[in-house]
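# Architecture at a glance
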Amino acid sequence: MEPPTAEAVLQGVFTLYNDPNNVEKEKASKWLEEFQKSIHSWKIADELLRQKHDLNSCTFAAQTMRNKIQNSFHELPESAHESLRQSLLEHLSHITMETKSVIVTQLSLALADLALLMSSWQKPVATLLQRFSSNANMMYALIELLTLIPEEVNSRHLRLGANRRKEILIDLEADSTLVSEYLTMCLVNGNENEQLRSKILKCFTSWVQINAFKLPEISDSMIIVYCFQLLSSSTTSPDLHEAATDCLCSLLHCLELNNSRGGLDEKLFGGIMCLEEAYNMSVAQEDLDKSMNLCRLFTVLVESNLARMTESETPHYSVKSLDLVLNCVGHYDYEVAEITFNMWYRLSEDLYQRNNYKLAAHFKPYVERLIAALYKHSQLDPDHDGLVEEGGSFKDFRFKVSEIIKDVIFIVSSISCFKQMFVILQSPNVSWESSEAALFIMQNVARNILPEESEVVPKVVEAILNLPENCHIAIRYTSISILGELCDWIDSNPETLQPVLNFLLFALQQKNGLATAAANSLQSICSSCKKHMLGHISGLMEIARCLDSFDIQSDSAIGLLKGISIIIGRLPPAQLTPAMQELCSFQVEALSRLTNGDDDGLDGKKSRSDPAFWLDRLASIYRHVSPTMRNNEVNPCAFVIVNNWNVLSRALERYKNDSKIMERIVRCIRYAIRCIGKQAMPILEPLVKQIITIYSGHNHSCLLYLGSILVDEFAYEEGCTQGLLNMLQAFIEPTFGVLQMENGLKNHPDMVDDFFRLTTRFIQRAPLQFLQSVLVTPIIQCGLLACTLDHREANISVMRFFCSLLRHDRANDLEPMVQSILASHGEALIMNLLYASVFCLHSNMLSDVAEVFVEIKQHSPHQLEEYVKKAVDSLPKKNSGGSVTVTHEQMVQFVTNVVNSQTARATTQALQDFARLYR
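Residues numbered from 1 in each chain as written. Predicted model: local features only at pLDDT ≥ 70, side-chain atom pairs only at ≥ 80, totals over all residues. Heavy atoms only, no water.

Per an unreviewed UniProt entry, the chain goes by Transportin-3 and derives from Anopheles epiroticus. Its UniProt record gives the chain the following Subunit (unreviewed entry) comment, quoted word for word: "Interacts with (GTP-bound) Ran. Interacts with (phosphorylated) SFRS1 and SFRS2; leading to their nuclear import. Interacts with NUP62. Interacts with RBM4. Interacts with CPSF6, promoting its nuclear import." (UniProt positions renumbered as here; feature names shortened; annotations may be inferred.)

So this is what it looks like as structure tokens:
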């Protein structure tokens with residue numbers, strides 16, 4: 001863009017905030033966005049800050065300055081850093097008590113980021129304190145700056161690199177005493193200004209969070225004492241209460257990180273244990289925010305001591321902090337209990353890993369109290385009608401309760417919990433909501449009950465089967481769900497199967513959600529009681545015929561079809577084929593009408609005229625009818641699947657413009673082919689021709705995925721390989737056409753994923769034919785470009801492609817071809833992989849990159865060393881602030897680590913450590 005003027009920017013800001021015309025506002029917004037990206041914005045933002053024209057222009061200028069330093073600092077030569085620093089310090093010095101907080105924050109953020117990036121600025125914190133600490137008007141701005149500097153140390157935007165970050169942290173640790181003294185002075189001299197006191201606590205917390213303070217030095221800190229005073233008082237404001245909580249939680253995390261013992265650790269523990277009265281007061285005053293803050297503090301106290309609690313069979317004194325947490329779990333509002341859930345999960349994980357019965361026994365009373373409290377929280381209101389509301393916060397809470405009970409139940413045993421809840425059910429005059437909550441808890445442990453249990457479960461099952469007609473619908477719903485969870489027990493006690501099925505069939509015909517619960521339980525019983533359910537196949541087929549008359553959700557109907565399909569798969573071939581044909585016919589006939597443009601007779605419901613409704617059901621059948629086959633036996637499903645092909649073929653043609661429906665059709669075809677494997681040969685040629693034609697005009701990546709399934713099943717077959725290679729060749733031109741567009745790889749990760757999945761299948765199934773084809777080089781070149789794609793699934797597919805390419809037995813005929821590929825592309829591959837690892841990919845994606853390094857090393861460690869050296873040399877050695885990103889010694893060490901690593905895990909660690917130098 002042409003160099004703009006300050007006046008033009010002022011006009012743009014005025015239009016953005018004041019023009020009533022939305023079109024003009026949009027134009028101004030886009031113009032200002034482009035202006036912020038230009039190199040001219042440095043100078044003009046500085047100019048606007050000097051002019052102080054109005055609030056909006058100053059805010060925009062401060063935001064622009066912050067944005068430029070965060071994202072475009074490389075635009076400035078090192079010689080300009082000092083003048084920028086002086087300019088920002090000058091702007092900051094003009095701040096008064098009246099300056100709007102948004103401007104203070106943006107300017108402070110800009111200066112904080114500059115302090116971190118600018119390596120020539122020595123001791124920035126000491127400089128700022130020396131310049132501004134004596135100016136009372138600057139107190140707010142200086143505290144804001146001192147808060148932001150530690151907060152920004154780990155900013156992903158700045159990419160400081162590990163070396164610079166280490167330098168900064170050493171500097172901050174050295175200056176931490178000055179900061180602590182200044183904050184204490186502000187606290188003493190700040191009168192009763194709550195906003196200032198809150199900022200002081202937040203600043204102190206930000207320094208704790210980066211572990212800058214020497215813990216023994218702050219053990220007597222007035223700020224920590226003040227935090228306890230605030231939390232003990234019932235009159236503390238909400239902001240101060242939260243800030244004090246955050247501060248103490250950060251100190252506990254810091255102590256846990258440093259494994260610190262003694263002084264501060266004991267003071268914090270004792271001080272927090274004394275806050276129980278303050279918590280009880282917050283409950284009495286119904287101050288939910290304070291209750292939640294204190295619950296969070298008690299929970300973090302336990303978490304910071306978990307290692308000590310579980311390291312020995314002798315109980316550690318910190319175990320008593322669990323009483324504080326359980327007191328919170330008993331709060332009348334379930335949101336407070338929810339705060340503790342992660343702590344219980346961590347405790348259960350720790351105990352499970354240690355696998356020490358005596359140790360776990362110490363925690364049994366606490367977990368029993370937890371379950372008792374969760375039982376109470378899970379109760380519906382006495383006047384509640386109907387079921388728990390779908391999508392509501394209470395439904396979400398009950399789901400979390402289910403998860404946490406499943407995590408901790410091994411500590412108290414499932415049957416013990418089951419019995420405890422059964423006692424509640426048998427209590428005289430027990431309310432319906434108490435019964436339902438007890439059943440809900442039982443539902444979550446029922447699947448763990450041993451099949452031979454004969455004391456309680458038979459009584460529970462009998463009670464459920466004999467529920468009175470007038471019982472609350474929620475009790476009936478939860479009871480139906482329990483029967484599904486008891487599926488393994490029912491399998492071992494088959495005499496209960498018939499009455500259970502009768503009960504569920506009756507429930508299936510009910511309304512108000514009961515039918516959905518019954519369908520889910522039937523699916524579970526079909527999956528677990530396969531042998532016993534064979535005798536009930538006629539009843540199951542009758543259910544399938546009436547499926548659309550039941551008031552069940554679509555997912556539950558699909559699940560029910562899954563259960564029926566599993567049983568059909570166990571039938572003898574002569575019975576299996578007609579049963580499967582009938583089960584499919586209900587879906588195929590509806591699809592046939594839809595593909596012919598005739599949706600009459602589909603009950604008039606909107607969902608029925610959506611082909612996805614029927615395709616998902618058909619896919620479930622194809623997926624789960626899985627007969628046990630011997631080699632060369634005719635698959636009894638083949639006749640049905642080949643017979644139904646024409647309908648799916650018509651669906652492909654009719655819905656080729658709709659990507660969502662195409663994905664459902666492809667999924668259905670995928671399961672059909674997986675079901676019968678090579679016996680799908682009659683449909684192979686027409687299917688390949690059809691997907692090639694559709695893909696050339698519509699580029700649905702799911703067709704590439706389907707191609708990979710065909711390669712997996714048929715590439716071994718004589719006479720199929722060349723046809724499948726032709727299919728790949730036909731896919732390449734439209735695929736590359738999309739991926740070579742601007743941002744093509746980034747905008748189409750699914751296509752990248754599916755395309756490289758397809759090519760990987762070729763390498764695995766027909767390596768010789770693939771490596772001999774002319775397609776290899778352009779595919780490798782595409783893969784080289786896709787290395788930098790920051791998309792988990794797509795990147796995994798690209799890395800697996802390269803691994804498969806390099807992985808073949810080095811003793812066979814393919815080795816010369818692989819060596820030739822490595823000679824042509826190995827250097828570029830390592831160059832791109834290292835660049836991607838450092839600048840593009842998340843660290844959790846580097847394990848897949850490491851696999852490629854390992855494969856190259858298997859072929860030639862010497863070649864790998866040369867490639868890695870060249871790749872390292874090509875990377876920048878300094879960051880935009882002028883500090884050294886990577887030293888020569890670190891480069892040499894990285895090359896050594898990669899070349900000498902014996903496992904992919906060691907290579908991953910080397911890549912992550914090296915990438916950290918640039919982040």
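Structure's up, so let's keep going.
### Some details on the UniProt feature "domain: Importin N-terminal" (unreviewed entry) in the chain
UniProt marks residues 28-94 with the feature "domain: Importin N-terminal" (unreviewed entry), using the numbering shown here. Along residues 28-94 the backbone is 76% helical and 0% strand, and the end-to-end C-alpha distance reaches 29 Å. (Helix = DSSP H or I, 4+ residues; strand = E, 2+ residues; numbered from the N terminus.)

### A look at the packing of helix H41 (residues 749-765) against helix H44 (residues 792-806)
Where H41 contacts H44, the two axes come as close as 8 Å, and the packing angle between them is 20°. Accordingly, the angle class assigned to the pair H41 and H44 is roughly parallel. Read as a crossing pair, H41 and H44 show a hand that is left-handed. Mapping the contact onto sequence places Pro749, Val752, Asp753, Phe756, Arg757, Thr759, Thr760, Ile763 and Gln764 in H41 and Glu793, Ala794, Ser797, Val798, Arg800, Phe801, Ser804 and Leu805 in H44. In the contact of H41 with H44, the residues fall into 8 nonpolar, 5 polar and 4 charged. (Axes fitted to C-alpha atoms, helices over the stretch in contact; angles between N-to-C directions. Parallel < 35°, antiparallel > 145°, perpendicular 65-115°, else oblique. Left-handed = near helix turned anticlockwise from the far one by under 90°. Contact = heavy atoms within 4.5 Å. Nonpolar A, V, L, I, M, F, W, Y, C, P; charged D, E, K, R; others polar.)

### A look at helix H28 (residues 514-528)
Taking 1.5 Å of rise per residue, the 15 residues of H28 would be expected to cover 21 Å, and the 21 Å separating its terminal C-alpha atoms lies within 8% of that figure. Where burial is concerned, most of H28 is hidden: 13 out of the 15 residues are buried. (Expected span 1.5 Å × (residues − 1). Buried < 20%, exposed > 50% of the residue type's maximum accessible area, 1.4 Å probe, protein only.)

### Focus on the pattern of salt bridges
For the coordinates displayed, the defined rule picks out 40 salt bridges. Asp246 is the partner of Arg296 in a salt bridge, and the nearest nitrogen-oxygen pair spans 2.9 Å. Of the two residues, Arg296 is situated in helix H16 (residues 288-309) and Asp246 in helix H13 (residues 238-258); the sequence distance between them amounts to 50 residues. Its relative accessible area of 28% is what places Asp246 among the partly exposed residues. Between Arg398 and Glu436 there is a salt bridge; the shortest N-O distance is 2.8 Å. On the criterion of sequence distance, the pair formed by Arg398 in helix H21 (residues 393-412) and Glu436 in helix H23 (residues 432-445) is long-range, its members being 38 residues apart. One salt-bridge network, held together by shared partners, links Arg674, Asp712, Glu713, Arg761 and Arg765. (Salt bridge = Lys/Arg side-chain N within 4 Å of Asp/Glu carboxyl O.)

### A few points about helix H1 (residues 6-18)
Between its first and last C-alpha atoms H1 spans 18 Å; for 13 residues at 1.5 Å apiece the expected length is 18 Å, and the two agree. Taken residue by residue, H1 has Ala6, Val9, Leu10, Gly12, Val13 and Thr15 as its buried positions. Each element contacted by the buried residues of H1 is listed here: helix H2 (22-37), helix H3 (41-51) and helix H4 (55-71).

### Brief notes about the packing of helix H8 (residues 139-152) against helix H10 (residues 194-209)
Contact geometry for H8 and H10: axes closest at 8 Å, N-to-C directions at 25°. Classified by the angle their axes make, H8 and H10 are roughly parallel. For the element pair H8 and H10, the recorded crossing hand is left-handed. Here Met139, Tyr140, Ile143, Glu144, Leu146, Thr147, Pro150 and Glu151 of H8 lie close against H10, whose contacting residues are Gln195, Leu196, Lys199, Ile200, Lys202, Cys203, Ser206 and Trp207.

### Comments concerning the domain arrangement of the chain
Partitioning the chain into domains gives domain 1 (571-681), domain 2 (699-739 + 746-806) and domain 3 (811-918). Each of domain 1 and domain 3 has a C-alpha centre, and these two points are 47 Å apart. (Domains from an automatic or database assignment.)

### Here's the deal with the nonpolar core
Within the largest apolar cluster, 336 residues are counted, with the highest numbers of intra-cluster contacts made by Trp344, Ile568, Met580 and Phe770. Contact partners of Phe770, with chain neighbours within four places excluded, come to Leu725, Leu728, Thr759, Phe762, Ile763, Val776, Ile779, Phe801 and Leu805. (Core = buried A, V, L, I, M, F, W, Y, C linked by side-chain atoms within 4.5 Å.)

### Side note on the environment of His862
Along the chain, the position of His862 falls in helix H47 (residues 861-873). Looking at His862, the relative accessible area reads 54%, which means it is exposed. Taking the C-alpha atoms as reference, His862 lies 54 Å from Val642; in sequence the two are 220 residues apart.

### Focus: the side chain of Arg476
Along the chain, Arg476 turns up in helix H25 (residues 473-485). Although Arg476 is buried, it forms no salt bridge, and the closest oppositely charged side chain is Glu469 at an N-O distance of 7.0 Å. In terms of polar contacts, Arg476 uses its side chain to reach the backbone carbonyl oxygen of Pro468, at 2.8 Å. (Lys, Arg positive; Asp, Glu negative; His and termini not counted. Polar contact = N/O pair within 3.5 Å; in protein donor to acceptor, adjacent residues only side chain to side chain.)

### Quick notes on the packing of aromatic side chains
Counted by the stated rule, this structure contains 22 aromatic pairs. Pairing Phe394 with Phe397 gives two aromatic rings, centres 6.3 Å apart and planes at 20°, and the pair type is stacked. Of this pair, Phe394 and Phe397 both sit in helix H21, 3 residues apart, which is roughly one turn of the helix. Residue classification places Phe394 among the buried residues on the basis of a relative accessible area of 18%. Look at Phe397 and you get buried, because its relative accessible area is 0%. Among the aromatic residues, those joined into a cluster by ring pairs are Phe736, Phe755, Phe756, Phe801 and Phe802. (Phe/Tyr/Trp six-rings, centres within 6.5 Å; stacked < 30°, edge-to-face > 60°.)

### Section: the side chain of Ser72
Turning to its location among the elements, Ser72 is positioned in the loop between H4 and helix H5 (81-93). Assessed through its relative accessible area of 12%, Ser72 is described here as buried. Setting aside chain neighbours within four positions, we find Ser72 in contact with Trp42 and Asn67.

### Quick word on unusual backbone geometry
One non-glycine residue, Ser413, adopts positive backbone phi at about 80°. Looking at the secondary structure, you find Ser413 in the loop between H21 and helix H22 (414-425). Here Ser413 falls in the partly exposed class, since its relative accessible area comes to 29%. Backbone geometry places Asn512, a non-glycine residue, at a positive phi of 60°. Tracing the chain through its elements places Asn512 in the loop between helix H27 (497-508) and H28. Overall, the relative accessible area of 54% leaves Asn512 in the exposed class.

### What about the state of the cysteines?
Tallied over the entire structure, the rule returns 0 disulfides. With no disulfide of its own, Cys487 lies closest to Cys529 among cysteine sulfurs, the gap being 6.4 Å. In this structure Cys487 comes out as buried when scored by relative accessible area, which is 0%. Free of any disulfide, Cys702 has its nearest cysteine sulfur in Cys668, 13 Å distant. Residue Cys702 is classed as buried on the basis of its relative accessible area of 10%. (Disulfide = S-S within 2.5 Å.)

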